[in-house]
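# Residue-level structural notes
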Amino acid sequence: MDTYFLGIDPSATSTGVSLIGSNSHEVLNIKPRTLKGCLRLQYIHQELKGFIDNKLVYMGVIEAPSYGSVHKEFILGEVLGVIKLTLIQNDIFSLAIPPTQIKKFLTSKGHAGKDLMIQKAQEFGCPSSQEDICDSWAAALLCKGILLTSPITTRPALETIKAIKTKYKTDLVKLLNKKT
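All values derive from a computational prediction rather than experimental measurement. (Residues numbered from 1 in each chain as written. Predicted model: local features only at pLDDT ≥ 70, side-chain atom pairs only at ≥ 80, totals over all residues. Heavy atoms only, no water.)

## Remarks on helix α5 (residues 131-147)
The end-to-end C-alpha distance of α5, which contains 17 residues, comes to 25 Å, matching closely the 24 Å that a straight helix rising 1.5 Å per residue would cover. Among the 17 residues in α5, 15 count as buried, and that is most of the element. Taking the backbone nitrogen of Asp132 as reference, a side-chain oxygen 2.8 Å away marks Gln130 as the first, capping residue of α5. (Helix = DSSP H or I, 4+ residues; strand = E, 2+ residues; numbered from the N terminus. Expected span 1.5 Å × (residues − 1). Buried < 20%, exposed > 50% of the residue type's maximum accessible area, 1.4 Å probe, protein only. Polar contact = N/O pair within 3.5 Å; in protein donor to acceptor, adjacent residues only side chain to side chain.)

Shown next, in the form of C-alpha coordinates:
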(Lines give C-alpha, C1' and ligand atoms only; values in the text may rest on other atoms or scores of the structure.)
Protein backbone atom coordinates (compact mmCIF):
# COMPACT_ATOMS: atom_id res chain seq x y z
CA MET A 1 0.00 0.00 0.00
CA ASP A 2 1.37 3.41 -1.00
CA THR A 3 1.91 6.18 1.56
CA TYR A 4 0.64 9.59 0.49
CA PHE A 5 1.37 13.24 1.14
CA LEU A 6 -1.74 15.41 0.94
CA GLY A 7 -2.13 18.94 -0.40
CA ILE A 8 -5.34 20.98 -0.22
CA ASP A 9 -6.26 24.33 -1.76
CA PRO A 10 -9.54 25.13 0.06
CA SER A 11 -12.38 27.06 -1.50
CA ALA A 12 -16.15 27.22 -1.15
CA THR A 13 -16.53 26.80 -4.91
CA SER A 14 -13.53 24.73 -6.08
CA THR A 15 -11.33 22.89 -3.59
CA GLY A 16 -8.25 21.26 -5.10
CA VAL A 17 -6.95 18.09 -3.47
CA SER A 18 -3.77 16.18 -4.37
CA LEU A 19 -2.27 12.95 -3.05
CA ILE A 20 1.34 12.24 -3.97
CA GLY A 21 2.72 8.80 -3.16
CA SER A 22 5.90 6.91 -3.89
CA ASN A 23 4.30 4.90 -6.66
CA SER A 24 1.15 6.80 -7.56
CA HIS A 25 -0.78 10.04 -7.33
CA GLU A 26 -4.39 11.16 -7.41
CA VAL A 27 -6.10 14.53 -7.74
CA LEU A 28 -9.64 15.74 -7.08
CA ASN A 29 -11.50 18.98 -7.67
CA ILE A 30 -14.41 19.37 -5.24
CA LYS A 31 -17.04 21.62 -6.85
CA PRO A 32 -20.24 22.02 -4.82
CA ARG A 33 -21.83 23.88 -7.76
CA THR A 34 -25.12 25.44 -6.56
CA LEU A 35 -25.04 24.05 -3.02
CA LYS A 36 -24.97 26.64 -0.23
CA GLY A 37 -24.68 26.69 3.55
CA CYS A 38 -24.68 23.38 5.41
CA LEU A 39 -25.33 21.37 2.26
CA ARG A 40 -22.15 22.75 0.68
CA LEU A 41 -20.13 21.93 3.83
CA GLN A 42 -21.58 18.42 3.95
CA TYR A 43 -20.73 17.89 0.28
CA ILE A 44 -17.11 19.04 0.76
CA HIS A 45 -16.77 16.76 3.79
CA GLN A 46 -18.22 13.73 1.97
CA GLU A 47 -16.10 14.24 -1.15
CA LEU A 48 -12.87 14.72 0.81
CA LYS A 49 -13.61 11.79 3.12
CA GLY A 50 -14.40 9.53 0.17
CA PHE A 51 -11.16 10.57 -1.54
CA ILE A 52 -8.86 9.89 1.43
CA ASP A 53 -10.67 6.86 2.92
CA ASN A 54 -8.69 3.63 2.75
CA LYS A 55 -5.48 5.49 1.89
CA LEU A 56 -2.44 5.79 4.13
CA VAL A 57 -1.92 9.55 4.29
CA TYR A 58 1.21 10.47 6.21
CA MET A 59 0.54 14.21 6.54
CA GLY A 60 -1.23 17.10 4.84
CA VAL A 61 -0.49 20.71 3.95
CA ILE A 62 -3.47 23.02 3.61
CA GLU A 63 -3.09 26.38 1.89
CA ALA A 64 -4.00 28.89 4.60
CA PRO A 65 -6.15 31.92 3.75
CA SER A 66 -4.30 34.92 2.39
CA TYR A 67 -4.94 37.93 4.54
CA GLY A 68 -4.81 40.40 1.66
CA SER A 69 -7.42 38.74 -0.53
CA VAL A 70 -11.01 39.84 -0.81
CA HIS A 71 -13.44 36.99 -0.27
CA LYS A 72 -16.13 35.87 2.12
CA GLU A 73 -13.95 35.14 5.15
CA PHE A 74 -16.70 33.46 7.18
CA ILE A 75 -17.57 31.02 4.39
CA LEU A 76 -13.90 30.13 3.85
CA GLY A 77 -13.53 29.70 7.62
CA GLU A 78 -16.37 27.19 7.60
CA VAL A 79 -14.82 25.32 4.67
CA LEU A 80 -11.44 25.21 6.42
CA GLY A 81 -13.11 23.96 9.61
CA VAL A 82 -14.84 21.14 7.72
CA ILE A 83 -11.59 20.18 5.97
CA LYS A 84 -9.59 20.19 9.22
CA LEU A 85 -12.27 18.17 11.02
CA THR A 86 -12.36 15.62 8.19
CA LEU A 87 -8.58 15.23 8.41
CA ILE A 88 -8.63 14.91 12.20
CA GLN A 89 -11.37 12.27 11.98
CA ASN A 90 -9.13 10.34 9.59
CA ASP A 91 -6.10 10.73 11.90
CA ILE A 92 -4.24 12.93 9.42
CA PHE A 93 -1.95 15.59 10.87
CA SER A 94 -1.89 18.79 8.82
CA LEU A 95 -0.22 22.19 8.70
CA ALA A 96 -1.81 25.38 7.36
CA ILE A 97 0.83 27.16 5.28
CA PRO A 98 0.37 30.67 3.81
CA PRO A 99 0.02 30.87 0.03
CA THR A 100 3.15 33.04 -0.26
CA GLN A 101 5.27 30.24 1.23
CA ILE A 102 3.75 27.59 -1.05
CA LYS A 103 4.35 29.83 -4.06
CA LYS A 104 7.94 30.55 -2.97
CA PHE A 105 8.54 26.82 -2.53
CA LEU A 106 7.24 25.92 -6.01
CA THR A 107 8.29 28.93 -8.11
CA SER A 108 10.96 30.78 -6.05
CA LYS A 109 8.57 33.77 -6.01
CA GLY A 110 6.25 34.38 -3.06
CA HIS A 111 3.83 36.37 -5.21
CA ALA A 112 3.81 34.15 -8.31
CA GLY A 113 0.77 34.37 -10.56
CA LYS A 114 -1.59 31.55 -11.48
CA ASP A 115 0.07 30.87 -14.86
CA LEU A 116 3.50 30.34 -13.30
CA MET A 117 2.02 28.14 -10.55
CA ILE A 118 0.29 25.97 -13.16
CA GLN A 119 3.43 25.76 -15.30
CA LYS A 120 5.68 24.78 -12.37
CA ALA A 121 3.16 22.30 -10.93
CA GLN A 122 3.00 20.56 -14.29
CA GLU A 123 6.81 20.55 -14.54
CA PHE A 124 6.81 18.67 -11.22
CA GLY A 125 4.29 16.07 -12.33
CA CYS A 126 0.84 17.58 -11.81
CA PRO A 127 -1.54 15.76 -14.16
CA SER A 128 -3.94 18.74 -14.44
CA SER A 129 -3.91 22.36 -15.55
CA GLN A 130 -6.82 23.29 -13.26
CA GLU A 131 -5.46 26.05 -10.99
CA ASP A 132 -6.86 24.74 -7.69
CA ILE A 133 -5.46 21.28 -8.35
CA CYS A 134 -2.08 22.80 -9.29
CA ASP A 135 -2.06 24.76 -6.01
CA SER A 136 -2.92 21.61 -4.06
CA TRP A 137 -0.17 19.75 -5.95
CA ALA A 138 2.33 22.38 -4.80
CA ALA A 139 1.08 21.94 -1.22
CA ALA A 140 1.48 18.14 -1.48
CA LEU A 141 5.02 18.53 -2.86
CA LEU A 142 5.82 20.88 0.04
CA CYS A 143 4.37 18.32 2.46
CA LYS A 144 6.66 15.66 1.01
CA GLY A 145 9.61 18.06 1.20
CA ILE A 146 8.97 18.79 4.87
CA LEU A 147 9.11 15.11 5.86
CA LEU A 148 11.38 13.54 3.24
CA THR A 149 13.68 14.89 0.57
CA SER A 150 12.30 17.83 -1.36
CA PRO A 151 11.69 17.23 -5.05
CA ILE A 152 12.43 20.94 -5.52
CA THR A 153 15.96 21.94 -4.52
CA THR A 154 16.13 25.64 -5.33
CA ARG A 155 17.43 27.89 -2.59
CA PRO A 156 14.00 29.52 -1.98
CA ALA A 157 12.37 26.06 -1.76
CA LEU A 158 14.90 24.82 0.78
CA GLU A 159 14.63 28.08 2.77
CA THR A 160 10.84 27.65 2.89
CA ILE A 161 11.14 24.09 4.15
CA LYS A 162 13.70 25.10 6.79
CA ALA A 163 11.46 27.93 8.05
CA ILE A 164 8.44 25.62 8.30
CA LYS A 165 10.44 22.91 10.06
CA THR A 166 11.71 25.48 12.55
CA LYS A 167 8.26 26.95 13.20
CA TYR A 168 6.53 23.57 13.60
CA LYS A 169 9.43 21.59 15.10
CA THR A 170 7.51 20.41 18.19
CA ASP A 171 4.46 19.33 16.15
CA LEU A 172 6.61 17.51 13.59
CA VAL A 173 8.57 15.66 16.29
CA LYS A 174 5.27 14.51 17.83
CA LEU A 175 4.07 13.35 14.40
CA LEU A 176 7.24 11.42 13.70
CA ASN A 177 7.17 9.78 17.13
CA LYS A 178 3.52 8.83 16.65
CA LYS A 179 4.11 7.30 13.21
CA THR A 180 7.06 5.14 14.30
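## A short note on the environment of Cys143
Position of Cys143 among the secondary structure elements: in helix α5. Distance from Cys143 to Phe5, taken between C-alpha atoms, is 6.1 Å for residues 138 residues apart in sequence.

## Let's talk about the sheet that holds strand β2 (residues 15-21)
The strand order across the open sheet formed by five strands is β3-β2-β1-β4-β5, and the pairing between neighbours is mixed. Here the strands that pair on one side only, and so sit at the sheet edges, are β3 (25-30) and β5 (94-97). When the angles between neighbouring strand axes are averaged without regard to direction, this sheet yields 15 degrees. Where strand β1 (residues 3-9) and strand β4 (residues 56-63) come together, six bridges link them in parallel fashion. Opposite Ile8, over in β4, you have Ile62 as the bridge partner. (Pairing = 2+ DSSP bridges. Axes fitted to C-alpha atoms, helices over the stretch in contact; angles between N-to-C directions.)

## Points about unusual backbone geometry
Not every positive phi belongs to a glycine, and Asp91 is a case in point at roughly 55 degrees. Tracing the chain through its elements places Asp91 in the loop between α2 (73-89) and β5. Classification of Asp91 by relative accessible area gives partly exposed; the value is 45%. Located in the positive-phi region is Ser108, a residue other than glycine, with phi close to 75 degrees. Residue classification places Ser108 among the partly exposed residues on the basis of a relative accessible area of 32%.

## Here's the deal with the packing of helix α3 (residues 99-107) against α5
Following both chains from N to C, one finds α3 and α5 inclined at 80 degrees, their axes separated by 9 Å at the closest point. By the criterion of interaxial angle, the relationship of α3 to α5 is roughly perpendicular. Judged by residue contacts, Ile102, Phe105 and Leu106 of α3 engage Asp135, Ala138, Ala139, Leu141 and Leu142 from α5. Residue classes in the contact of α3 with α5 are distributed as seven nonpolar, no polar and one charged. (Parallel < 35°, antiparallel > 145°, perpendicular 65-115°, else oblique. Contact = heavy atoms within 4.5 Å. Nonpolar A, V, L, I, M, F, W, Y, C, P; charged D, E, K, R; others polar.)

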